Amino acid sequence: MRLAGAPISWGVCEAPDWGYELPPEVVLAQLRSLGLDATELGPTGYLGTDVRATLEPYGLRLVGGFLPVPMHATLAAAGAEVVVLAARSADGSYDRRVTLTETEWRVLLSTLDSLRRVAAEHRLTAALHPHVGTAIEDRASVRRLLEDSDVPLCLDTGHLLIGGTDPVELIATVPERIAHVHLKDVRASVAASVAGGDVSYVGAVRAGLYVPLGEGDVDIAGIVRGLTDSGYPGWYVLEQDTALDGPPAPDTGPVEDVRRSLAYLEKVTG
């Protein structure tokens, strides 16, 4: 498996008022201490203006980034392979549904085609990330995207499940559309509260929506097995969205959660 980490697992997120943000030197050192040698970008600017220079002392490489912002060349300059796009809300929050009119659907699909061309010019693969609080969230919008566009997908196992799409089914039906994977596990009971609008997204994260791999209700083993059987060649990015109130005690919190996820993956893959 091509495994990478992500700053979101350490509570670093682009959403406004998310929580305490650990400094890059802490996140990158802990990520490397776990045996990972690659990471996603995190929020724009988090790793500085010269991402290669920031990562080099830790022996890390950049695999891509989740960018619900205007397209730019940061990823290409740092040697990434994938740019992960999202059809974000106007204010950048993830706490309300984004419903598109027919005209807006046409604009979205056309824009995705344009972004793919720009990404290709920078030798990047553009992948659309179904995500809570964006225009591509629920099962209906995911199916329409698959039917009306040929844009590759970022298979985020948690966000798909929250939105009502079974990741295992998606892998079985359209394996060729999957260009990137965000591997995460969720508690179904908390996910239902998000889908029902009973709690905000960040509120659900703070309530334990995401857990280490194998400790929630996502069929992680089935997902890995399905991707392996389909010949998926891309990255698996370990993600456990976390919101922090302050710095955790040494060797606790995010680094321990990622360690548990890695141990579970080792057991699943042998």
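In what follows, the accompanying structure is described. From a predicted model like this one, the values you see are computed outputs, not experimental measurements. (Residues numbered from 1 in each chain as written. Predicted model: local features only at pLDDT ≥ 70, side-chain atom pairs only at ≥ 80, totals over all residues. Heavy atoms only, no water.)

1. Remarks on the overall build of the protein chain
The criterion, for reference: Every helix listed is a DSSP run of H or I at least four residues long, and every strand listed is a run of E at least two residues long, numbered separately from the N terminus. In this setup the radius of gyration rests on C-alpha atoms only. A globule is expected at 2.2 Å times the number of residues raised to 0.38. The contact definition used throughout considers only heavy atoms, calling two residues in contact when any of these lie within 4.5 Å. The Shrake-Rupley method, run with a 1.4 Å probe sphere, supplies the accessible areas, and residue values consider only the shown protein chains as cover. Here the positive residues are Lys and Arg and the negative ones are Asp and Glu; neither His nor the chain ends is included. Note on charges: their place is set at NZ of Lys, CZ of Arg, CG of Asp or CD of Glu.
Secondary structure summary: the protein chain contains 11 helices and 10 strands in total. In terms of overall dimensions, the protein chain is globule-like: its C-alpha atoms have a radius of gyration of 17 Å, near the 18 Å expected for 270 residues. In terms of its C-alpha atoms, the protein chain occupies a principal-axis envelope of roughly 50 × 40 × 40 Å. At a minimum sequence separation of 6, the contacts of the protein chain that also span at least 24 residues come to 74%. Approximately 11400 Å² of the protein chain is accessible, and the part contributed by carbon and sulfur atoms is 50%. The average position of the 22 basic charges and that of the 37 acidic charges among the side chains of the protein chain differ by 4 Å.

2. What about the pairing of strand E6 (residues 153-156)?
If a strand is regular, its side chains alternate between the two faces of the sheet. To keep things clear, this is the line we draw: Partly exposed describes any residue whose relative accessible area lies between the buried limit of under 20% and the exposed limit of over 50%, with all areas from a 1.4 Å probe on protein chains only and scaled to the type maximum. Here a strand pair is declared whenever DSSP counts at least two bridges between the two strands.
Burial along E6 is two-sided: the residues Leu153 and Leu155 and Cys154 and Asp156 are all buried. As paired elements, E6 and strand E7 (residues 178-183) share four bridges and run parallel to each other. Across the sheet, residue Leu155 finds its bridge partner in E7, namely Val181.

3. Brief notes about the state of the cysteines
The following threshold applies: Any cysteine sulfur atom paired with another within 2.5 Å is treated as part of a disulfide.
Applying the stated criterion to the full structure yields zero disulfides. Unpaired in this structure, Cys13 has its nearest cysteine sulfur neighbour in Cys154, at a distance of 14 Å.

4. Some thoughts on the pattern of salt bridges
So the rule is basically this: Here, a salt bridge means any Lys or Arg side-chain nitrogen found within 4 Å of an Asp or Glu carboxyl oxygen.
By the definition in use, this model includes 15 salt bridges. As a salt-bridge pair, Asp251 and Arg259 come within 3.1 Å of each other at their nearest N and O atoms. Here Arg259 falls in the partly exposed class, since its relative accessible area comes to 31%. Among the charged side chains, a network of salt bridges with common partners joins Asp156, Lys184, Glu239 and Asp241.

5. Notes on helix H11 (residues 254-269)
Inclusion rule: Given a helix with a known number of residues, its expected span is that number minus one, times 1.5 Å.
Given a rise of 1.5 Å per residue, 16 residues ought to cover 22 Å, and the 22 Å separating the end C-alpha atoms of H11 matches this to within 8%. Taken as a whole, H11 has its buried residues at Pro254, Val255, Asp257, Val258, Ser261, Leu262, Tyr264 and Leu265. As for H11, its buried residues are in contact with strand E1 (2-4), helix H1 (24-33), E7, helix H10 (220-230) and strand E10 (235-238). The positive-phi residue at the C-terminal boundary of H11 is Gly270, with phi of around 75°.

6. Here we look at the side chain of Glu239
We count it as follows: Polar contact criterion, stated in full: a pair of N or O atoms within 3.5 Å, where within protein one must be able to donate a hydrogen and the other to accept it, and residues adjacent in sequence count only if both atoms are side-chain atoms.
Note that Glu239 resides in the loop between E10 and H11. Side chain to side chain, Glu239 and His182 meet in a polar contact 3.2 Å long. With near-sequence residues (within four places) excluded, Glu239 lies in contact with Ala6, Ile8, Ser9, Glu40, Asp156, His182, Leu183 and Lys184.

7. Observations regarding the pairing of E7
Counting buried positions along E7 yields five of six residues, so the element is predominantly enclosed. Two strands pair when backbone bridges link them, and E7 and E10 are joined in this way by three bridges, in the parallel orientation. From the neighbouring strand, His182 faces E10, where its bridge partner is Val237.

8. Side note on the packing of helix H4 (residues 102-121) against helix H5 (residues 139-148)
Where we set the bar: Note on geometry: axes are C-alpha line fits, over the in-contact stretch for helices, and angles between N-to-C directions span 0 to 180 degrees. What sets the label is the angle itself: under 35 degrees gives roughly parallel, over 145 gives roughly antiparallel, 65 to 115 gives roughly perpendicular, and the rest give oblique. Crossing handedness is defined as follows: a turn of the near helix away from the far one that is anticlockwise and smaller than a right angle gives a left-handed crossing, while the clockwise case is right-handed. Classes in brief: Ala, Val, Leu, Ile, Met, Phe, Trp, Tyr, Cys and Pro nonpolar; Asp, Glu, Lys and Arg charged; the others, Gly included, polar.
Contact pair H4 / H5: the axes reach a minimum separation of 11 Å and the direction vectors enclose 55°. When the axis of H4 is compared with that of H5, the two are oblique. The way H4 lies across H5 gives a crossing that is right-handed. Facing Glu102, Trp105, Leu109 and Leu112 of H4, the residues of H5 in contact are Ser141, Arg144, Leu145 and Asp148. By residue class, the composition of the contact of H4 with H5 is four nonpolar, one polar and three charged.

9. Side note on the nonpolar core
The following threshold applies: The set of buried Ala, Val, Leu, Ile, Met, Phe, Trp, Tyr and Cys residues whose side-chain atoms join them within 4.5 Å is what this entry labels a nonpolar core.
If you look at the biggest cluster of nonpolar residues, it comprises 90 residues, and the most contacted ones within it are Leu155, Leu183, Tyr201, Leu209, Leu227 and Leu238. Apart from the residues lying within four places of it in its own chain, the contact partners of Leu155 are Leu160, Pro167, Leu170, Ile171, Ile178, His180, Val181, His182, Ile223 and Leu227.

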